[in-house]
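So the chains spell out like this:
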Amino acid sequence: MNFQFNIDYQTSYGEDLTLNIVDNETKEVVAKYRMNTSDGIRWTCDLRRDAEVGTVICYYYSVERNGEEIQHEWLVEPHRIEMSCAKGVRYVVYDHWISMPEDSYLYSSAFTECISRRRHRKIEQNTNAVTVCLKVRAPQLRSNHRLAVVGAQGVLGSWQLNDAKPMVEHQFNEWVIDIDTAGMSGDTLEFKFVATDENRDIMPLWETQGNRTIALPPMGRGDVFVYELGQAFFPIYDMKCAGTLVPVFSLRSEGSFGIGDFGDLCRMTDWVAETGQRVLQILPINDTTTTKTWIDSYPYSCISIFALHPQYADLRQLPQLHDAEKRRHFEELRLELNTLGQIDYERVNAAKEEYLHLLYEQEGKTALASQEFKAFFKDAEQWLVPYAQYSMLRDKNGTADFSQWEGHAAWNEDDRKALVNPRNKLYREVAYFYYVQFVLHCQMSRVHEYARSKGVVLKGDIPIGVSRFGCDVWQEPRYFNLNGQAGAPPDDFSVNGQNWGFPTYNWDEMLADGCGWWVRRFRNMSKYFDAYRIDHVLGFFRIWEIPADSVHGLLGHFAPSLGMTREEIEAYGLGWQEQFFTEPFITDWVLDRVFHEDADAVRHEFLETTGCDRYRMKDEYATQRKVEAWYMAEEEKGGDNRFSMPLASVRDGLYSLISNVLFVRDHKSPDRFHPRISVQFDFIYESLYDSDKYVFNKLYNDYYYRRNNQFWYHEAMKKLPLLVQSTRMLVCAEDLGMVPDCVPWVMNELRILSLELQSMPKDNHVRFGHLDNNPYRSVCTISSHDMPTLRQWWDEDEGRAQDYFNSMLRRDGFAPHPMPGWLAYDIVSRHLASPSMLCILSVQDWLAVDENLRLADQNAERINIPANPKHYWRYRMHIGIDEMMENKDFKNMVADMARNNGRK
């Protein structure tokens, strides 16, 4: 078969265009062909390939300079040709360059597989002597729409809608039709596209542009001319959807085991669908097991970016235990745990682990011999084998600190051969973990397919970090910086910043292999979800990196970032004093202000003088981690009464002394410095002359809000395009906090949905955001898992609530407290009416509108308190999903709210 590919693309001197043929399934490049041009605009490539009727060719174009690719088309939906002409011997293809479209979200699986799901068909074979193939993309079409073409010529229906020629959707949002054009050489086709309703319930919609024309060239027998046309636009309004956010562990049903599970997630999908919503968002579901205590309840500290948490196994879907006595024991335990108001993390996980071990002994041999398991194992082997050995060694050694595992301080690839051989002893030691992950994969895959069948988008969550003592770090330590800790700078949630304890990423190493670790992570997630939230997307621009010897986040700095040299600082007019600026500023008046009557005791025990009325910390207390160790030792001893203030207050005061510096030294380049975050609230800033304060503030603002913008933009664009285009999931991001100007640049360029909270406006000039200013490409919400619920927020600051009541709700009088249901209904309705594509509300905020259904104690609804790194994540819905399903009044209320505010 002969092919000629044609495309118009304006190149610069030294640039070439390349045709890249890709595998239909993997989308990996299988062949590359350099194209030819005579004018730098019209590029052609002539090929001869073996191809028979039914063959599909997928490809994309790229720009190269000196043999290196510098740009390529949007890869989510590459060009596609189907060989449908039995008599075709020559294909002449006219393409156009495909950039990421403004409505790229319509190509995500959230729309194509859930919201606007349609069945694809192959083009029927034809025996035309001469064929013109028309291809066009029409992503606006809803699930009930079909595309047709009608035109002036008889073969196109002579402008009669009843004779419009139906097209075939051969890939997502791309429609195609083969037209018999025998005897029409030199003619001009004139036509338009029209969207029809498959049920004929609505009038056909004409595309909005004028008539299209194609001047047909001379055509010979066996010729197939393929015209890829510009997108068809229709007068169809943008889709807006409502959704619910709830952690899986928070779900409750009559049959669950003290914690929500994947079976409950299916049932929650039913509730979402029956209330007219289209999105169900959950928190991370990866395994977090390191200590087997409640500390592991933190879902954002995963030990594996691939493994699912065993606590989510739905035991109801598994075979019963043969032992009647054990069945009775577990049923009694299940009933006890399921009646608790909150999750007992340790007892639930211990019980489920025991149950799964018993079930593995009973069913494991059969399950691991099944074809389903073998297919799963083949696909998951790369991560599953190290994870299983890691889990076995963690349990065997009684610790997740792999530096203490004798002979196994790091993953050894040489062990893989034995670990995959069922006849080997090592395989038998880890096979239980293979079995559990297989069970979890099957159950979560069923949830995913079930949600799609209901038209519901499952939205997952990708944490920015991983556990320092997790399998990912153990297996591939080169990707992580273990001498730093990831966190966040101070904000409304935490005045000292947040220290998550995660290792930071070695981006140089990750970029060296095309971010393969991240791509594998995203692709694995796409097996279970059709949308995802990037937790702390700012981390792809820069992460707040805290020294390993710090407890709080104040001594961190953004990494990577452009630290300042001594000369740059002096150029602002601030005389450089390295010791004064970079070492803790401790004086008598500082000690008196912090410790009051305990100042002398602190001075004697923890400090030594340096002269000039200055002090420094003794070496044994010189870092916050050393102070933390002292405090823990004192607590174990029971403490004493040598201080009048509580021991914890002494500890916190010492932390504040250590962080009382004006500049932080760069963690990689010691000759560069960063102004310490929020230092304006500290003593060293207070000690400066007013003129120096003015100079420092100018330097500070330039550094944090201007200096790094272009640098961070390029850092993000090295990483995020690879990840965004690695799957077809809908991309959303949490872009809250200290947001530099470059973040919206990147998010708009990559069509990433932003997160909009009225209580945390991105406009610094207003107290509350205006909902009607939300961009369409955004997710609107009232509260997140890290925030107080709507009812908590309302009561925690009555002055703020009063301002909101009068200024945003336009209501007179005093704001009522506690929040009545009618007021929650009003606020929820206003959010649903916003322009945002998605309005996703926590289940607590949905329940707030019904005073008879909501939890009486609003403070028991809080999921997480970010200021507390040791928070126990144990919130569980106070009512079951079964009860919510049976409450028709509440279901109808939610459905009416979504529908009346334009959400379907």
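These figures come from a predicted structure and were not determined experimentally.

The subject of this paragraph is the pairing of strand β13 (residues 168–171). The pairing of β13 with strand β14 (residues 174–180) spans three bridges and is antiparallel. Each bridged residue has a counterpart across the sheet, and for V168 the counterpart in β14 is V176. Linking β13 to β14, which pair antiparallel, is a turn of two residues; within it N173 sits at a positive phi near 65 degrees.

So, on to the packing of helix α5 (residues 371–397) against helix α7 (residues 425–453). One can describe the packing of α5 onto α7 by two numbers: an axis separation of 7 Å at closest approach and a directional angle of 125 degrees. Our classification of the angle between α5 and α7 gives oblique. Our pair here, α5 against α7, has a crossing hand that is right-handed. For the contact of α5 with α7, a count of residues per class yields 14 nonpolar, four polar and four charged.

This paragraph deals with the pattern of salt bridges. Following the criterion strictly, the structure yields 67 salt bridges and no others. The shortest N-O distance in the salt bridge between D395 and K292 comes to 3.2 Å. A residue pair is termed long-range when its members are at least 10 positions apart, and D395 in helix α5 and K292 in the loop between β20 (279–281) and α3 (324–338) qualify at 103 residues. Salt bridges linked by common partners bring D261, D264, D314 and R316 together as one network.

We now examine the sheet that holds β14. Ordered by their spatial adjacency, eight strands build an open sheet running β4-β5-β1-β9-β18-β10-β14-β13, and the pairing between neighbours is mixed. Across the chains shown, the open sheet's two edge strands, defined by having one partner strand only, are β4 (36–37) and β13. By the bridge criterion, two bridges tie β4 to strand β5 (residues 42–48) in an arrangement that is antiparallel. The partner of N36 across the bridge, within β5, is T44.

Burial of strand β15 (residues 188–197) is extensive: seven of the 10 residues sit out of reach of the surface. Note that strand β11 (residues 145–151) and β15 share seven bridges and pair antiparallel. Bridge pairing in β15 links L147 to A195. Here β15 pairs with strand β17 (residues 212–215) via four bridges, running antiparallel. Note on β17: the bridge partner recorded for E190 is T213. Here two bridges tie β15 to strand β16 (residues 205–206), and the two strands are oriented antiparallel to one another. Paired with V194 across the strands is W206, a residue of β16.

The rules behind the values
- Residues numbered from 1 in each chain as written.
- Predicted model: local features only at pLDDT ≥ 70, side-chain atom pairs only at ≥ 80, totals over all residues.
- Heavy atoms only, no water.
- Pairing = 2+ DSSP bridges.
- Helix = DSSP H or I, 4+ residues; strand = E, 2+ residues; numbered from the N terminus.
- Axes fitted to C-alpha atoms, helices over the stretch in contact; angles between N-to-C directions.
- Parallel < 35°, antiparallel > 145°, perpendicular 65-115°, else oblique.
- Left-handed = near helix turned anticlockwise from the far one by under 90°.
- Nonpolar A, V, L, I, M, F, W, Y, C, P; charged D, E, K, R; others polar.
- Salt bridge = Lys/Arg side-chain N within 4 Å of Asp/Glu carboxyl O.
- Buried < 20%, exposed > 50% of the residue type's maximum accessible area, 1.4 Å probe, protein only.

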